[in-house]
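Structural characterization, general
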Amino acid sequence: DGSRVELSPGTRMDVRIGHERKVTLEGEAYFEVTKDKEHPFVIDADGVEVTVLGTAFTVDAFDTARWVLVRVREGRVQVVASNDPRARVSR
């Protein structure tokens with residue numbers, strides 16, 4: 001679809017393609033996601049779900065970290081934390 005992902009060393013990513021373009025991420029990755037309103041791009045990272053709205057950003061979700069870090073380079077993302085007490089959203 002034209003999207004690009006660069007994985008950092010030690011990172012694991014599982015990809016599922018269907019109505020959503022969905023990945024499960026453990027580690028750190030840089031994403032440049034092509035806009036596609038019909039097929040949302042969703043990242044599940046240790047209890048935090050990041051829905052991409054066409055942008056470039058990094059997600060850091062190593063299992064040794066205390067939190068999931070999303071660094072937006074350009075564009076927008078939507079972040080929703082689960083009920084897990086480690087999952088927090090701040091701006």
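Look up a bit, the structure's there.
Attention here is on the structure that accompanies the text. (Residues numbered from 1 in each chain as written. Predicted model: local features only at pLDDT ≥ 70, side-chain atom pairs only at ≥ 80, totals over all residues. Heavy atoms only, no water.)

1. A closer look at the packing of aromatic side chains
Evaluation of the coordinates by the stated rule reveals two aromatic pairs. Aromatic pair phenylalanine 31 and phenylalanine 41: ring centres 5.8 Å apart, planes at 70 degrees, arrangement edge-to-face. Here the residue phenylalanine 31 occupies a position in strand β3 (residues 21-32), and phenylalanine 41 occupies one in strand β4 (residues 41-45), the gap between them amounting to ten residues. We note that phenylalanine 31, like phenylalanine 41, is buried. Judged by centre distance (5.2 Å) and plane angle (15 degrees), the ring pair of phenylalanine 31 and phenylalanine 57 falls under stacked. Taken together, the positions of phenylalanine 31 in strand β3 and phenylalanine 57 in strand β6 (residues 56-61) put the pair 26 residues apart, joining distant regions of the chain. Phenylalanine 57 shares its class with phenylalanine 31; the two are buried. Following the ring pairs from residue to residue traces out a cluster consisting of Phe31, Phe41 and Phe57. (Phe/Tyr/Trp six-rings, centres within 6.5 Å; stacked < 30°, edge-to-face > 60°. Helix = DSSP H or I, 4+ residues; strand = E, 2+ residues; numbered from the N terminus. Buried < 20%, exposed > 50% of the residue type's maximum accessible area, 1.4 Å probe, protein only.)

2. Brief notes about the pattern of salt bridges
Under the counting rule described, the total for this entry stands at seven salt bridges. Its salt-bridge partner being glutamate 6, residue arginine 4 comes within 2.0 Å of it at the nearest N-O pair. Look at arginine 4 and you get partly exposed, because its relative accessible area is 38%. Its relative accessible area of 39% is what places glutamate 6 among the partly exposed residues. With a closest N to O distance of 2.6 Å, glutamate 28 and arginine 71 form a salt bridge. Placement of the pair is glutamate 28 in strand β3 and arginine 71 in strand β7 (residues 69-74), with a sequence separation of 43 residues. (Salt bridge = Lys/Arg side-chain N within 4 Å of Asp/Glu carboxyl O.)

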